[in-house]
Amino acid sequence: MTLAEFNQVMAVNVRGVFLGVRAAFRRYAEQGGAGSIVITGSIGSLRGSADLLAYQTSKHAVLGILHGAAMYGGPLGVRVNAVAPGIVPTDLFAATPDAAGGKDDMVRRASSTPLRRAGTGDDIASVVAFLLSDDAAYLTGEVVSVDGGASIVSTVRPSGGAGAWDFAAHDRALYGKDVS
């Protein structure tokens with residue numbers, strides 16, 4: 001990855017979120033009222049991986065924005081929360097269905113979550129609607145994982161997925177060689 005590529009991801013995923021949150025706060029100030037903001041994080045905000053460093057770094061930074069904005073907004077009556085979607089194979093991934101990380105691969109990996117399926121846009125939208133509603137009136141600064149249970153899986157236990165992946169094949173694809 002080049003520095004320019006890293007900077008581009010940070011510009012979209014971090015600066016873009018910052019500017020959106022700032023604009024929302026300015027609008028609430030103009031209206032003189034309270035409100036709610038929902039930021040989109042990712043399962044990558046909560047975990048690690050070796051293949052998407054810029055993306056993962058940017059999504060961790062989004063949680064920093066979330067926490068700071070929730071602290072700032074609380075006294076103003078503005079709640080700030082985030083959703084952390086898991087595997088949601090959208091049309092963005094349809095162009096390379098068979099590639100690692102492509103749509104078919106996403107569906108296969110999602111089958112190892114407790115719900116045994118990939119998510120949909122509607123799954124995410126429903127949680128966003130809840131976070132924006134008065135039903136979430138006492139909730140701020142929180143991240144809701146909408147990931148079919150992927151974030152609770154223990155990969156060190158057989159019942160949690162340990163041994164479910166061919167890590168040698170994964171390592172060859174990522175590093176171009178066996179590393180174990």
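For the structure itself, look to the data block above.
Reference entry: report on the structure contained in this document. It should be emphasised that the depicted structure is a prediction, and the values quoted were computed from it without experimental measurement.

Cut-offs used in this document
- Residues numbered from 1 in each chain as written.
- Predicted model: local features only at pLDDT ≥ 70, side-chain atom pairs only at ≥ 80, totals over all residues.
- Heavy atoms only, no water.
- Phe/Tyr/Trp six-rings, centres within 6.5 Å; stacked < 30°, edge-to-face > 60°.
- Helix = DSSP H or I, 4+ residues; strand = E, 2+ residues; numbered from the N terminus.
- Buried < 20%, exposed > 50% of the residue type's maximum accessible area, 1.4 Å probe, protein only.
- Axes fitted to C-alpha atoms, helices over the stretch in contact; angles between N-to-C directions.
- Parallel < 35°, antiparallel > 145°, perpendicular 65-115°, else oblique.
- Left-handed = near helix turned anticlockwise from the far one by under 90°.
- Contact = heavy atoms within 4.5 Å.
- Nonpolar A, V, L, I, M, F, W, Y, C, P; charged D, E, K, R; others polar.

Right, let's get into the packing of aromatic side chains. The description of an aromatic ring pair uses the distance of the two centres, along with the angle that the planes make with each other. Within this structure, the stated rule accounts for one aromatic pair. Here the aromatic rings of F25 and Y72 are separated by 5.1 Å at their centres, their planes lie at 85°, and the arrangement is edge-to-face. Of the two residues, F25 is situated in helix 1 (residues 3-31) and Y72 in helix 2 (residues 53-73); the sequence distance between them amounts to 47 residues. Taking relative accessible area as the criterion, Y72 reaches 53% and is therefore assigned exposed.

Close contact between helix 1 and helix 2 brings their axes to 9 Å; oriented N to C, the two are set at 15°. Between helix 1 and helix 2, the interaxial angle falls into the category roughly parallel. Seen from above, helix 1 lies across helix 2 with right-handed handedness. Across the interface between the two elements, F6, V9, M10, N13, V14, V17, F18, V21 and F25 of helix 1 pack against A54, Y55, T57, S58, K59, A61, V62, I65, A69, Y72 and G73 of helix 2. Residues of the contact of helix 1 with helix 2, tallied by class, amount to 15 nonpolar, four polar and one charged.

It is worth stressing that arrangement in space is one thing and function is another; only the former is reported here.
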